[in-house]
Amino acid sequence: MAEPVLTSPHAESKRPFLTEQRRSRITAYTFISPFFILFSIFGLYPIFFTIYLSFFKWDALGPMKFVGLKNYDLVTSDPTFWISFTNTLIMGLMGTVPQIILALLLAVLLHSGMTKFKKTFRILYFMPNITSIVAVTLVFSTLFGNNGMINWLLNGLGLDSMAFNSGWWGVKIAISTMVMWRWTGYNAIIFLSGLQSIPVDLYEAARIDGANRRQQLTFITLPLLRPFIVFVTLLSTIGALQLFTEPYVFLGQSGTGSTRQEGITMVTYLYSEAFRNGFFGTAAATAVLLFVVTIIFSLLNMLVSSRMGGDTGGGKA
Amino acid sequence: MSTLRAFKKNPDDLGFIGKIGYYIVLILGALVSVFPFYWMFVVATNDKGAVFHVPPLLTLGDQFFDNFKRVLEKADFFQALGNSLFVSSMVTISVVFFCTLAGYAFAKYEFPFKNILFYFVIATLFVPQQLGVLPTYVIMAKLHWIDSFKALIVPAMVNAFGIFWMRQYISTAVHTELIEAGRIDGGGHFRIFWNIAIPVITPAMATLGILNFMTVWNDFFWPLVVLKNKEHFTIQIALQQLFTTRDGLDYGMIMSATFTATLPLLIVFLLFSRWVIAGLTSGAIKS
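Chain B goes by Sugar ABC transporter ATP-binding protein in an unreviewed UniProt entry, where it is assigned to Paenibacillus albidus. On record in UniProt, under Subcellular location (unreviewed entry), the comment for chain B is "Cell membrane". On record in UniProt, under Sequence similarities (unreviewed entry), the comment for chain B is "Belongs to the binding-protein-dependent transport system permease family."

The name an unreviewed UniProt entry gives chain A is Cytochrome c biogenesis protein, with Paenibacillus albidus as the organism. If you open the UniProt record of chain A and go to Sequence similarities (unreviewed entry), you find "Belongs to the binding-protein-dependent transport system permease family." Note on chain A: under the UniProt heading Subcellular location (unreviewed entry), the record states "Cell membrane".

What follows is the structure in structure tokens.
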């Protein structure tokens, strides 16, 4: 990667050793170099330095002190860390699973070709995704207030009000709803494009063979949609593990309340360790643990989907 | 399901009840998607108490400017709006330029390790940025960029998604014969890129620009970490700062600010929705 720095695209020498091929290669490397330079500084190096940092005690100002695995000890023996871990997983499940099922349903409905308003629906379903998470959280915090609309609806249905901004489950339901609202339509549109990429004659052939709607769904649509489902699930899982802004803003009304236990997530824990308490070492250890958890879940995701793939692959053959 | 069987001859016809159910679900979904936007405006235009009115108030009021006045008392709202505009524009110009350049190289040049490097770019899409936040913060502190817009702009100047997106578009939109013709005419590499490739790919560049602008405009975590001083806050931080119980939650005020901060993006989205949707979903569709 040192080459591109030496020669700029304008410095074209006519010396014979700079053949046309070599010059074009150098140009290409120059064109792509900004990404690799920036990524090495702000992407790659931070990951390795985080691992290194996790073995030191440091407040970001004074000298660093090597402490071995003590940061990991401190973090894993802190009950708040484990609360943040379970919260992240619970809200991840609550936000992701219903969201993907709902998105699939909406996509199948939109695809069925009955509506003439497909384009309009696409735009409407997509609108939540362009809103900032802060705006989403603020709007939903009015809906989820103690006397807010959601509780009014619950009462109307004969159910008790829920403490959405302080209860253990209430907070999680509110935050998962915000995540779902922002992403369901987006995922539905992705699934819709997936559905549109399936050749129509497959369905016609199945219909001639006497397959009903449900059989078409399980034997054609779902298997062919699998790559899209895998992609969406993977991205949603990674996103769910990084959950921060919703709980931080939603529970942060009193300035310091954002680390409240009902809604603390792993990233919130990391943030408050580093930027509130100045414990960069334990924050780094948290980041490493989060990284490991992210990798485990991504691998799990791929494992499950490849097993699913094995089944459908066998079915197709 | 029984209606399905009754109309087996034409499976696309669900029957009357089926059709109604079908539209009810679709319209309900659309309502849920749109309602919070409307609700934002309802709260923004009514007085303080309206937000928890029982039964919920669903009509627009005339208090918008009074509410918004209280925003201006509490925060440098327009300063924050301007800051966001500046940061988002700078990042967007840079991202569009560098990603187009890199996408062009990946699409139209042959060089050793091209595929490996491209897969590497794609792989970085899956690395969450939050994980590297501590060292990045330390770098910024060393550079004395804490509380400066440079900390927001420089790391974001080029990104993997943009490269991926531009490469896809350039592969099909720019014909290799055109580039070769330019080269026979003696054009330099950058000149060919600028004069031959760019004019053909402006739609893709515009889409990338819009998408990127929205992402930067909406970003919260990193600005929260590096910005310290009120006058440097971006719009998202300013909004979050309004959300405080210090003197009772004034939702009319908060929502008038939120609405004003969301409206520009909403307009841009509605004007360019086809491109924006195509861009934002392209990651899944092409990989």
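### So, the overall build of chain B
Scanning chain B from N- to C-terminus turns up 14 helices and zero strands. For chain B, the succession of helices and strands along the chain, N to C, is α-α-α-α-α-α-α-α-α-α-α-α-α-α. Taking 287 residues into account, the globule formula puts the C-alpha radius of gyration at 19 Å, and chain B, at 24 Å, lies well above it. With the C-alpha coordinates of chain B rotated into their principal frame, the extents come out at 75 × 70 × 35 Å. A separation of at least 24 residues holds for 71% of the contacts in chain B among residues at least 6 apart in sequence. Separation of charge centres in chain B, based on 20 positive and 16 negative side chains, amounts to 8 Å.

### Points about the UniProt feature "transmembrane region" (unreviewed entry) in chain B
The positions that UniProt labels "transmembrane region" (unreviewed entry) are, in the present scheme, residues 20-41, 85-107, 116-140, 152-171, 192-214 and 251-272 of chain B. Overall, residues 251-272 of chain B shows 95% helix and 0% strand. The separation of its end C-alpha atoms is 31 Å.

### Some remarks on the confidence of the model for chain B
For chain B, per-residue confidence averages 88 on the pLDDT scale, and 92% of positions sit at 70 or higher. Every residue in residues 1-11 of chain B is under pLDDT 50, and counting partners more than four places away or in other chains gives eight contacts.

### Some points on the interface of chain B and chain A
On the side of chain A, 94 residues touch chain B, which itself brings 97 residues to the contact. Scanning the region where chain B abuts chain A turns up nine residue pairs in polar contact (both at pLDDT 80 or more). In terms of residue count, the dominant contributor to the side of chain B that touches chain A is helix α2 (residues 15-45) of chain B (16 residues).

### Regarding helix α10 (residues 213-241) of chain A
Note: α-helices contain 3.6 residues per turn, so residues at a spacing of three or four share the same orientation. Residue and element names in this part refer to chain A. If you check α10, its first and last C-alpha atoms are just 36 Å apart, much less than what 29 residues at 1.5 Å a residue would give, namely 42 Å. Arg226 marks the point of greatest bend in α10, at about 55°, and the proline Pro227 comes within the next four residues. Of the residues flanking the start of α10, the one acting as N-cap is Asn212, its side-chain oxygen 3.0 Å from the backbone nitrogen of Arg214.

### Focus: the nonpolar core
Where a protein is soluble and globular, its nonpolar side chains tend to be buried together. Counting residues in each nonpolar core, the largest one holds 181 residues, and the members touching the most others are Ile32 and Phe191 of chain A together with Phe77, Tyr104, Phe106, Leu134 and Met166 of chain B. Once residues within four sequence positions are removed from consideration, Met166 of chain B is found in contact with Cys99, Thr100, Gly103, Ile201, Ala204, Met205 and Leu208 of chain B.

### Examining the side chain of Thr137 of chain A
Residue and element names in this part refer to chain A. For Thr137, the location among the structural elements is in helix α6 (residues 133-143). Within the structure, Thr137 has its side chain in polar contact with the backbone oxygen of Ile133 (distance 2.7 Å). Residues within four places of Thr137 in sequence aside, it is in contact with Met178, Glu246, Val249 and Phe250.

### Looking at the UniProt feature "transmembrane region" (unreviewed entry) in chain A
Residue and element names in this part refer to chain A. Here, UniProt's "transmembrane region" (unreviewed entry) annotation points to residues 31-55, 89-111, 123-144, 224-244 and 279-300. Secondary structure within residues 224-244 divides into 86% helix and 0% strand; the distance between the first and last C-alpha atoms comes to 34 Å. Overall, residues 279-300 shows 95% helix and 0% strand. The separation of its end C-alpha atoms is 31 Å.

### Quick notes on the packing of aromatic side chains
Counted under the stated rule, the structure contains 61 aromatic pairs over all chains. With centroids separated by 5.8 Å and ring planes inclined at 45°, the aromatic side chains of Phe126 of chain A and Tyr186 of chain A adopt a geometry described as tilted. On the criterion of sequence distance, the pair formed by Phe126 of chain A in helix α5 (residues 118-130) and Tyr186 of chain A in helix α8 (residues 168-196) is long-range, its members being 60 residues apart. A single burial state applies to Phe126 of chain A and to Tyr186 of chain A, both of which are buried. Ring geometry for Phe140 of chain A and Phe144 of chain A: centres 6.2 Å apart, planes at 25°, overall stacked. Accessibility expressed as a relative area gives 3% for Phe144 of chain A, which makes it buried. Here the aromatic cluster, defined as three or more aromatic residues joined through ring pairs, consists of Trp58, Phe244, Tyr248, Tyr271, Phe275 and Phe280 of chain A together with Tyr137, Phe220 and Phe221 of chain B. Directly above the ring of Trp168 of chain A sits Lys172 of chain A, whose terminal nitrogen or CZ lies 3.4 Å from the centroid.

Reading the values: the criteria
Residue numbers restart at each chain and count upward from 1, following the sequence in its written direction. Whichever chain is written first becomes A and whichever ligand is written first becomes 1, with later ones labelled in order. The model is predicted, so local features are restricted to residues of pLDDT at least 70 and side-chain atom pairs to those at 80 or more, both for listing and for counting; the totals for chains, interfaces and linings are taken over all residues. Calculated side-chain values reflect all of the structure's heavy atoms, with hydrogen atoms and water omitted. UniProt positions are given in the numbering used here, feature names are shortened, and annotations may be inferred rather than shown by experiment. Here a strand is any run of E in DSSP of at least two residues, a helix any run of H or I of at least four, and the numbering for each starts at the N terminus. The size measure is the radius of gyration over C-alpha atoms, and the globule rule it meets is 2.2 Å times the number of residues to the 0.38 power. Throughout, a contact is declared for two residues whenever any of their heavy atoms are within 4.5 Å. Under the convention used here, Asp and Glu are negative, Lys and Arg are positive, and both His and the chain ends fall outside the count. Think of each charge as sitting on NZ of Lys, CZ of Arg, CG of Asp or CD of Glu. A residue's pLDDT is the predictor's confidence in that residue, given on a scale from 0 to 100. Counted as a polar contact is a pair of N or O atoms within 3.5 Å, where, for protein atoms, one must be capable of donating a hydrogen and the other of accepting one, and residues adjacent in sequence contribute only when both atoms are in side chains. In this analysis, the expected span of each helix is defined as 1.5 Å times one less than the number of residues it contains. What is called the bend at a residue is the angle between a pair of axes, fitted to the seven residues leading up to and ending at it and to the seven starting from it. What we call a nonpolar core is a set of buried Ala, Val, Leu, Ile, Met, Phe, Trp, Tyr and Cys residues that are connected through their side-chain atoms within 4.5 Å. We call a residue buried when its accessible area falls under 20% of the maximum for its residue type, exposed when it is over 50%, and partly exposed in between, using a 1.4 Å probe and counting protein chains only. Centres within 6.5 Å make a pair out of two Phe, Tyr or Trp rings, where for Trp the six-membered ring is used; the pair is then stacked when the planes are under 30 degrees apart, edge-to-face when over 60, and tilted otherwise. Whether a charge sits over a ring depends on NZ of Lys or CZ of Arg being within 6 Å of the ring centre and within 35 degrees of the ring normal.

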